[in-house]
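Residue-level listing of the chains:
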Amino acid sequence: MSLSHAFFAIIRRDLVLALRRRSEIANPLLFFILVITLFPLGIGAQPNLLQAIAPGIIWVSALLAAMLSLDSLFRSDFDDGSLEQILLSPHPASILVLGKIIAHWLVTGLPLLIVAPLLAIFLGMPTHSLGILLLTLLLGTPVLSLIGAIGVALTVGLRRGGMILSLLVLPLYVPVLIFASNAVDMASSGLPINAQINILISILFMALVLAPWPTAAALKMSIN
Amino acid sequence: METKPTHLLQGSQLSCIRDDRILFEGLDFTLQAGQVLLLEGKNGSGKTSLLRILCGFREPDAGEVFWCGGAINDSQYYADMAYVGHLDGVKKELTVMENLKVSLALGQSGQYSIQQGLTKVHLADYDDVLVQALSAGQKRRLSLARLLITKNIVWILDEPFTSLDKQGIALIETLMFEHCASGGMIVLTSHHDIDLHGVDVQRINLS
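Residues numbered from 1 in each chain as written. Chains lettered and ligands numbered in written order. Predicted model: local features only at pLDDT ≥ 70, side-chain atom pairs only at ≥ 80, totals over all residues.

Digging into the overall build of chain B
So, point 1. In terms of regular secondary structure, chain B is built from six helices and nine strands.
So, point 2. At 17 Å, chain B has a C-alpha radius of gyration in line with the 17 Å of a compact globule built from 207 residues.
So, point 3. Projecting the C-alpha coordinates of chain B onto the three principal axes gives extents of approximately 50 × 50 × 35 Å.
So, point 4. In chain B, which comprises 207 residues, the proportion classed as buried is 42%.
So, point 5. Long-range contacts, defined as pairs at least 24 residues apart, comprise 72% of the intrachain contacts of chain B with a sequence gap of at least 6. (Helix = DSSP H or I, 4+ residues; strand = E, 2+ residues; numbered from the N terminus. Rg over C-alpha atoms; globule rule 2.2 N^0.38 Å. Buried ≥ 20, exposed ≤ 12 C-beta atoms within 10 Å, placed from the backbone. Contact = placed C-beta atoms within 7 Å.)

Some words on the interface of chain B and chain A
So, point 1. Taken together, the contacts link 23 residues of chain B with 21 residues of chain A.
So, point 2. Mapped onto the side of chain B that touches chain A, the elements with two or more residues apiece are helix 2 (75–80) and helix 3 (96–106) of chain B.
So, point 3. Grouping the constituent residues of the side of chain B that touches chain A by class yields 11 nonpolar, seven polar and five charged. (Nonpolar A, V, L, I, M, F, W, Y, C, P; charged D, E, K, R; others polar.)

With respect to the pairing of strand 1 (residues 8–18) of chain B
Residue and element names in this part refer to chain B.
So, point 1. Taken together, the eight bridges between strand 1 and strand 2 (residues 21–32) define a ladder with antiparallel strand orientation. The partner of Leu-14 across the bridge, within strand 2, is Leu-27.
So, point 2. Between strand 1 and strand 2, which follow one another and run antiparallel, lie two residues, and Asp-19 among them has a positive phi close to 50°.
So, point 3. Pairing of strand 1 with strand 4 (residues 62–67), which is carried by five bridges, proceeds in the antiparallel orientation. Counted as the bridge partner of Gly-11 is Val-65 from strand 4. (Pairing = 2+ DSSP bridges.)

Some words on unusual backbone geometry
So, point 1. With phi around 60°, Arg-22 of chain A is a residue other than glycine that occupies positive phi space.
So, point 2. Positive phi, normally seen in glycine, also occurs at Ser-163 of chain B, with a value near 60°.
So, point 3. Tracing the sequence through the fold places Ser-163 of chain B in the loop between strand 7 (154–158) and helix 6 (166–181).

What to know about the sheet that holds strand 5 (residues 70–71) of chain B
Residues and elements named next belong to chain B.
So, point 1. Sheet architecture is open: four strands sit in the order 2-1-4-5, paired in antiparallel fashion. Where the open sheet ends on each side, the last strands, each with one partner, are strand 2 and strand 5.
So, point 2. Across the sheet, helix 1 (residues 47–55) lies against strand 1, strand 2 and strand 4, angled at about 130° from strand 1, the strand it touches most. (Axes fitted to C-alpha atoms, helices over the stretch in contact; angles between N-to-C directions.)

Re the packing of helix 3 (residues 47–70) of chain A against helix 7 (residues 110–122) of chain A
Residue and element names in this part refer to chain A.
So, point 1. It is the contact of helix 3 with helix 7, at a shortest axis distance of 11 Å, that shows an interaxial angle of 150°. Judged by the inter-axis angle, helix 3 sits roughly antiparallel to helix 7. Pair helix 3 / helix 7 crosses with right-handed handedness. Touching Ala-54, Ile-58, Ala-62 and Ala-65 of helix 3 are Leu-112, Ala-116, Leu-119 and Ala-120, all from helix 7. (Parallel < 35°, antiparallel > 145°, perpendicular 65-115°, else oblique. Left-handed = near helix turned anticlockwise from the far one by under 90°.)

Regarding the sheet that holds strand 9 (residues 200–205) of chain B
Strand pairing in a sheet takes place through backbone hydrogen bonds and is either antiparallel or parallel in direction.
All names here are of chain B.
So, point 1. Pairing is parallel across the open sheet formed by five strands, whose spatial order is 6-7-8-3-9. In this open sheet, the two strands that pair with only one neighbour each are strand 6 (81–84) and strand 9. Each strand of the sheet is rotated relative to its neighbour by a mean of 15°, with strand direction disregarded.
So, point 2. Pairing between strand 3 (residues 35–40) and strand 9: six bridges, direction parallel. Paired with Leu-39 across the two strands is Ile-204, which belongs to strand 9.
So, point 3. Relative to strand 6, helix 5 (residues 136–149) is tilted by about 175°, and along the sheet it contacts strand 6 and strand 7.

What about the confidence of the model for chain B?
Where the model shows low pLDDT, its predicted coordinates should not be examined in detail.
So, point 1. This prediction gives chain B a mean pLDDT of 87; 97% of its residues lie at or above 70.
So, point 2. The least confident element of chain B, judged by mean pLDDT, is strand 5 of chain B at 83; the most confident is strand 7 of chain B at 92. (pLDDT = per-residue confidence, 0-100.)

Considerations on helix 11 (residues 212–222) of chain A
Residues and elements named next belong to chain A.
So, point 1. Looking only at helix 11, the buried set comprises Pro-212, Thr-215, Ala-216, Ala-218 and Leu-219. Buried residues of helix 11 fall within an arc of 165° about the axis and therefore sit on the same side.
So, point 2. Where the residues of helix 11 are buried, they touch helix 5 (82–87), helix 6 (93–108) and helix 8 (130–155). (Arc of directions from axis to C-beta.)

Brief notes about helix 3 of chain B
So, point 1. Counting buried positions along helix 3 of chain B yields nine of 11 residues, so the element is predominantly enclosed.
So, point 2. By the burial criterion, the buried members of helix 3 of chain B are Val-96, Glu-98, Asn-99, Leu-100, Val-102, Ser-103, Leu-104, Ala-105 and Leu-106 of chain B.
So, point 3. The secondary structure elements touched by the buried residues of helix 3 of chain B are helix 1 (3–21) and helix 5 of chain A together with helix 4 (114–120) and helix 5 of chain B.

Below, the structure is given as structure tokens:
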């Protein structure tokens, strides 16, 4: 069978699995919604303050939701031996792993994009910056899945890898957080944001090309 | 006339050290088409470690494994081998058919179609059953069905008879016999004594 056939078979398989498990989709999404709705309750009715910190709140929540969902990326495949079979395939492991990451983003990242505009309005964000918020999430959340995959691949073999995973992955998430929330902030004040968007695009393409290899290599190390 | 390529799996001076303990060292073997290599030894003697070295999951601490004269870390070897380990490697939330379709997509189509493979391992009526509803023995037979539906020459089996009943064991032995008769080769570990008439069985005792 051809490589593209294997690639799409992996994506299909992971989507079917996510649909049958459901909690995998629901958990990060619920977390994202809960955190954002708790902020106005904690801060109180100060529309100007909320509006000012809305991009930050949404992006930090998206980042934490992504972190929360990372462990499910390779955990069950590692536990039931499917990962061994994937790595034994004659096809390049990095491409198959990329398929898994894409499926993971479709299941955990894409739902955030769908609810984000609603939550942004809830925080009083000006409507003209909603498009930019969606654009930054569209460019940024796949990066979170791609970079996170390297960290999970390194820690999936450890009994308690959660703590190390956060320490490994969070610093690498910071550039995305800075450029994305800054872009939304600037857009709210009507300033140009080409630079930030271009940087996010370049980060996305770099991660897309560079992340699958170390992920595949780390998985091979982990199943040792 | 095209001559049939001769397949050869060789291990040369292999050793494995785990936690400062030497499991085995200076191990040599040569396995030709139609032969079986049976690894024996007590628990913890390094049988599974050796199998995982042959799969490329582990680097041997010394020595090398060759497939047809070349190193095993190229994709030709992976196109020619199949592994069934301790873990079944099937997803319990997927049906029998869905699992095998994924396995087929990851490899190349082999001797049998999925339906024929399932008939061979006596799971023909289970194709749309979720794997979590299968018994341990049925799961094992399902993971062995993977060997039949993908193209491969070397089978690497870690305790293939675990959780199988008498008929199951006899069935796997028949499949192994057929595989060897058609020019395949098998490396396996087993506590059971295998019963393969007319097949050249090499034994390595690791204890």
